[in-house]
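Observations on the model geometry
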Amino acid sequence: MHDAAIRRYESALGREVKGVRRRKQVRKAFRRSLTPFLEEHPSPAWTDLVEAFGPPEQMARELLEAIPDLPRLLSLRQKVGIAAAICVIVAVGCAGVYCWSTRPEEEVTITDGSGYVFEGIPPGYTFGLDEVFWTHDYTWTQPGPVYLLLAENTNQVDATIFIYYSDRQPAHRFVVPAGERRAFRVEDARKVEHVISFVTPDGSMSGRVRLLFPVGSI
């Protein structure tokens, strides 16, 4: 039913009926009535439709009276209840998205690194970054739930490492003492951009940091 006159008549018919379900039933009934008419008028004009079925407002009244078990119109109280339920669903959904987007990375382990190999690629891991301690930041977009940082401080002063991952959560922070190593592992990482930066008391930098992802966790 792509004829312009039919679409116009159906649109006018729908405007005369209140309620989505009732409007749907009226349109179905009209199309059933239209089938035999189209056999003789395959491409009717507006005047043909009005002559055969009457004005849309009249046809709407007749169909409403003829359709059995016509859905009842919703009361104002029911409409308010439905609107309130929709608002609650939207609010809960928005709250869920907000909570997810602001959740902290809490499953964090910091060790002295003795359980890891700092040279080459440790078994079961793949490299994400391999950089020296520096005054500028390094960034990566976290691909999976787990990442491991292996930091080795070859300086004479302690180095503090910060890892930023959210504007709404504090950065991870851990200290690598002079001449020592640390392993920093996160098990519930967010799949967002992470930024790593280094700070020392005198501004000097000497060391290396490696970002690793477990094979199969990406």
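Before reading further, recall that the structure is shown in the block above.
A brief report on the enclosed structure follows.

Cut-offs used in this document
- Residues numbered from 1 in each chain as written.
- Predicted model: local features only at pLDDT ≥ 70, side-chain atom pairs only at ≥ 80, totals over all residues.
- Heavy atoms only, no water.
- Helix = DSSP H or I, 4+ residues; strand = E, 2+ residues; numbered from the N terminus.
- Buried < 20%, exposed > 50% of the residue type's maximum accessible area, 1.4 Å probe, protein only.
- Contact = heavy atoms within 4.5 Å.
- Areas by Shrake-Rupley, 256 points an atom, 1.4 Å probe, with all protein chains shown as cover.
- Axes fitted to C-alpha atoms, helices over the stretch in contact; angles between N-to-C directions.
- Parallel < 35°, antiparallel > 145°, perpendicular 65-115°, else oblique.
- Left-handed = near helix turned anticlockwise from the far one by under 90°.
- Nonpolar A, V, L, I, M, F, W, Y, C, P; charged D, E, K, R; others polar.
- Pairing = 2+ DSSP bridges.
- Core = buried A, V, L, I, M, F, W, Y, C linked by side-chain atoms within 4.5 Å.
- Salt bridge = Lys/Arg side-chain N within 4 Å of Asp/Glu carboxyl O.

Remarks on the overall build of the protein chain
Of the regular secondary structure elements, the protein chain holds 5 helices and 9 strands. For the protein chain, the proportion of its 218 residues judged to be buried stands at 37%. Long-range contacts, defined here as pairs at least 24 residues apart, represent 78% of the contacts in the protein chain between residues at least 6 apart. Accessible surface, the protein chain as shown: approximately 13100 Å² in total, 54% of it carbon and sulfur.

Quick notes on the packing of helix α1 (residues 4–15) against helix α3 (residues 46–53)
Interaxial distance between α1 and α3 falls to 9 Å at its minimum, and their mutual angle equals 50°. The angle between α1 and α3 falls in the class oblique. The way α1 lies across α3 gives a crossing that is right-handed. Within the contact between the two elements, α1 uses Ala5, Ile6, Arg8, Tyr9 and Ala12 and α3 uses Trp46, Leu49, Val50 and Phe53.

Section: the packing of α1 against helix α2 (residues 20–40)
With their axes 10 Å apart at the nearest point, α1 and α2 run at an angle of 145° to one another. Crossing angle aside, the handedness with which α1 passes α2 is right-handed. Between α1 and α2, the residues in contact are Ile6, Tyr9, Glu10, Ser11, Leu13 and Gly14 and Arg23, Val26, Arg27, Phe30, Arg31, Leu34 and Leu38, respectively. Grouping the constituent residues of the contact of α1 with α2 by class yields 7 nonpolar, 2 polar and 4 charged.

Notes on the pairing of strand β9 (residues 207–214)
Here β9 lies mainly inside the structure; 7 of its 8 residues are buried. Where strand β2 (residues 125–132) meets β9, 7 bridges bridge the pair, whose relative direction is antiparallel. Bridge pairing in β9 places valine 132 opposite arginine 208. As defined by bridge partners, strand β4 (residues 147–153) adjoins β9 across 6 bridges and the pair is classed as antiparallel. Directly across from alanine 151, in β9, lies its bridge partner valine 209.

As for the pairing of strand β8 (residues 193–199)
β8 sits mainly inside the fold: 5 of its 7 residues count as buried. Taken together, the 4 bridges between strand β3 (residues 138–141) and β8 define a ladder with antiparallel strand orientation. Across the sheet, the residue bridging to threonine 141 is glutamate 193, located in β8. Summarising the sheet, strand β5 (residues 159–164) and β8 pair through 5 bridges and their orientation is antiparallel. The residue bridging threonine 160 from the neighbouring strand is valine 199, located in β8.

Quick look at the nonpolar core
Of all hydrophobic cores here, the largest spans 21 residues; its most connected members are Tyr147, Ile161, Ile163 and Ile196. For this core, the elements supplying multiple residues, two or more each, are β3, β4, β5, β6 (172–176), β7 (181–186), β8 and β9. Within the second largest apolar cluster, 16 residues are counted, among which are Phe30, Phe37, Phe53 and Ala60.

Concerning the pattern of salt bridges
Scanning all chains against the criterion turns up 7 salt bridges. A salt bridge links arginine 210 to aspartate 130, with the shortest nitrogen-to-oxygen separation between them at 3.4 Å. Residue arginine 210 is located in strand β9, and its partner aspartate 130 is located in strand β2; the two are separated by 80 residues in the primary sequence. A relative accessible area of 14% places arginine 210 in the buried class.

Notes on the sheet that holds β7
Adjacent strands of a sheet pair through backbone hydrogen bonds, lying either parallel or antiparallel. Strand order in the open sheet made by the 5 strands is β1-β7-β4-β9-β2, with antiparallel pairing throughout. Pairing within the sheet leaves two strands with one partner each, and these edge strands are β1 (108–111) and β2. Neighbour to neighbour, the strand axes of the sheet diverge by 15° on average, direction disregarded.

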